[in-house]
Every structure is written in C-alpha cells, then in structure tokens.
Amino acid sequence: DVQLQASGGGLVQAGGSLKLSCAASGFTFGDYAIGWFRQAPGKEREGISCIDSTDGSTLYDDSVKGRFTTSSDNAKNTVYLQMNSLKPEDTAVYYCAAGFLPYGLQLGLRDFDYWGQGTLVTVSS
C-alpha cells in the first residue's frame with residue numbers, strides 16, 4: 001500500500017523556522033516526484049515545492065522561494081521541507097504528495113496521485 005506521512009508541523013512565531021518531513025512507503029521512491037502543498041482556511045490548495053529525488057532538482061513557487069528548501073534522503077525514503085523566515089500567511093495545513101511527472105517538475109495538484117494526511121503549521125505574529 002502507498003503511504004505518505006507528513007509530520008513536523010506546529011506553532012512557531014513569525015520569523016522562525018520549522019522543518020517538515022514526508023515519509024514515503026509502498027512505491028519506488030525514485031520513480032516519483034515528491035511535492036509539498038498547503039491549504040489555508042477558505043483558500044485553494046496550492047503547490048509550493050517539488051523535488052525529483054533521482055537528481056535533487058527542485059521547483060518552488062514564488063511565494064516560498066528563498067525561504068523554503070526541499071531535500072530528500074533517499075536511503076530513508078523521506079523528503080524534507082525546511083521553512084525559514086516564516087510569515088503569518090504561511091499558516092496552513094501542509095501536505096506532501098507523490099506524482100509521476102514524465103514532462104518535468106511542476107506544481108499542479110492533478111498530477112499528484114498519492115497524498116499524505118497533512119500537518120498543521122501555525123505562524124503567530
């Protein structure tokens with residue numbers, strides 16, 4: 001069975017940092033890109049980053065570029081999202097997802113087939 005388990009969310013003050021983890025199992029890790037998405041109350045779910053674990057290439061949405069970094073530990077089948085300089089507007093449920101992306105990295109929700117349960121990140125002012 002395919003499982004994606006996001007963890008590491010919590011409460012942090014604006015300007016602080018938090019590191020999320022996404023543990024994957026049930027599929028060949030290197031065959032899929034792993035993306036991070038977030039959804040704030042009343043807003044659409046949006047893609048914020050994606051990584052190809054085979055070569056470490058990454059893609060970021062402009063909203064997090066320069067502040068967030070995604071990386072992979074292939075031996076652990078785990079992808080990370082290091083979040084720095086957090087802002088209140090970063091408050092959301094963060095999800096990791098796996099997708100087969102034959103045409104390259106992108107952040108569209110429809111291309112990701114497997115989703116984790118999400119972890120809540122709350123950034124206080």
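On a predicted model such as this, the values are computed, not experimentally measured, just so you know.

Cut-offs and rules
Residues numbered from 1 in each chain as written. Predicted model: local features only at pLDDT ≥ 70, side-chain atom pairs only at ≥ 80, totals over all residues. Heavy atoms only, no water. Helix = DSSP H or I, 4+ residues; strand = E, 2+ residues; numbered from the N terminus. Buried < 20%, exposed > 50% of the residue type's maximum accessible area, 1.4 Å probe, protein only. Contact = heavy atoms within 4.5 Å. Polar contact = N/O pair within 3.5 Å; in protein donor to acceptor, adjacent residues only side chain to side chain. Salt bridge = Lys/Arg side-chain N within 4 Å of Asp/Glu carboxyl O. Pairing = 2+ DSSP bridges. Axes fitted to C-alpha atoms, helices over the stretch in contact; angles between N-to-C directions. Disulfide = S-S within 2.5 Å.

Enquirer: Just give me the short version of the side chain of serine 53, but keep the residues and values in it.
Expert: Relative to the assigned elements, serine 53 resides in the loop between strand E5 (46-52) and strand E6 (57-60). Classification of serine 53 by relative accessible area gives buried; the value is 5%. Residues contacting serine 53, with those up to four places away along its chain left out, are Phe29, Gly30, Tyr32, Ser72 and Asn74.

Enquirer: Explain the side chain of threonine 70 residue by residue, including any values.
Expert: By the secondary structure assignment, threonine 70 is in strand E7 (residues 68-73). Accessibility expressed as a relative area gives 4% for threonine 70, which makes it buried. In this structure the side chain of threonine 70 is engaged in a polar contact, spanning 2.9 Å, whose partner is the backbone oxygen of tyrosine 80. Excluding residues within four positions of it along the chain, threonine 70 makes contact with Trp36, Ser49, Cys50, Ile51, Thr58, Tyr60, Val79, Tyr80 and Leu81.

Enquirer: Tell me about the pattern of salt bridges, and name the residues and values.
Expert: The final tally for this structure, using the stated rule, is four salt bridges. One salt bridge in this structure joins aspartate 62 and lysine 65, with 3.4 Å as the shortest N-O distance. The class for aspartate 62 is exposed, based on a relative accessible area of 63%. Ionic contacts of the salt-bridge type, sharing partners, join the residues Arg38, Glu46, Arg67 and Asp90 into one network.

Enquirer: If you had to explain the pairing of strand E4 (residues 33-39) to someone new, which residues and values would you point to?
Expert: Of all the seven residues making up E4, six are buried; the element is thus mostly covered by neighbouring parts of the structure. With antiparallel pairing between neighbouring strands as the criterion, E4 and E5 make up a hairpin whose turn holds six residues, including glycine 42 at a positive phi of roughly 80 degrees.

Enquirer: I'd like a description of the sheet that holds E7, backed by residues and values.
Expert: Sheet strands line up and pair through hydrogen bonds in the backbone, either parallel or antiparallel. The strand order across the open sheet formed by four strands is E1-E3-E8-E7, and the pairing between neighbours is antiparallel. The sheet is open, and its two borders are formed by strand E1 (3-7) and E7, each paired with just one other strand. Direction aside, neighbouring strands of the sheet carry axes that sit 15 degrees apart on average. In the sheet, strand E3 (residues 18-25) pairs with strand E8 (residues 78-83) via six bridges, with the strands oriented antiparallel. Bridge assignment links alanine 23 to a residue of E8, and that residue is threonine 78.

Enquirer: So what's going on with the state of the cysteines? Residues and values would help.
Expert: Here the structure, examined in full by the defined rule, presents one disulfide. Put simply, cysteine 22 and cysteine 96 are joined by a disulfide, and their sulfur atoms are 2.1 Å apart. As the torsion about the S-S bond is roughly 75 degrees, the cysteine 22-cysteine 96 disulfide counts as right-handed. Of this pair, cysteine 22 sits in strand E3 while cysteine 96 sits in strand E9 (residues 92-99), and the two are 74 residues apart along the sequence. Residue classification places cysteine 22 among the buried residues on the basis of a relative accessible area of 1%. By relative accessible area, which is 0% here, cysteine 96 ends up buried. The thiol sulfur of cysteine 50 is not disulfide-bonded, and the nearest other cysteine sulfur, from cysteine 22, lies at 11 Å.

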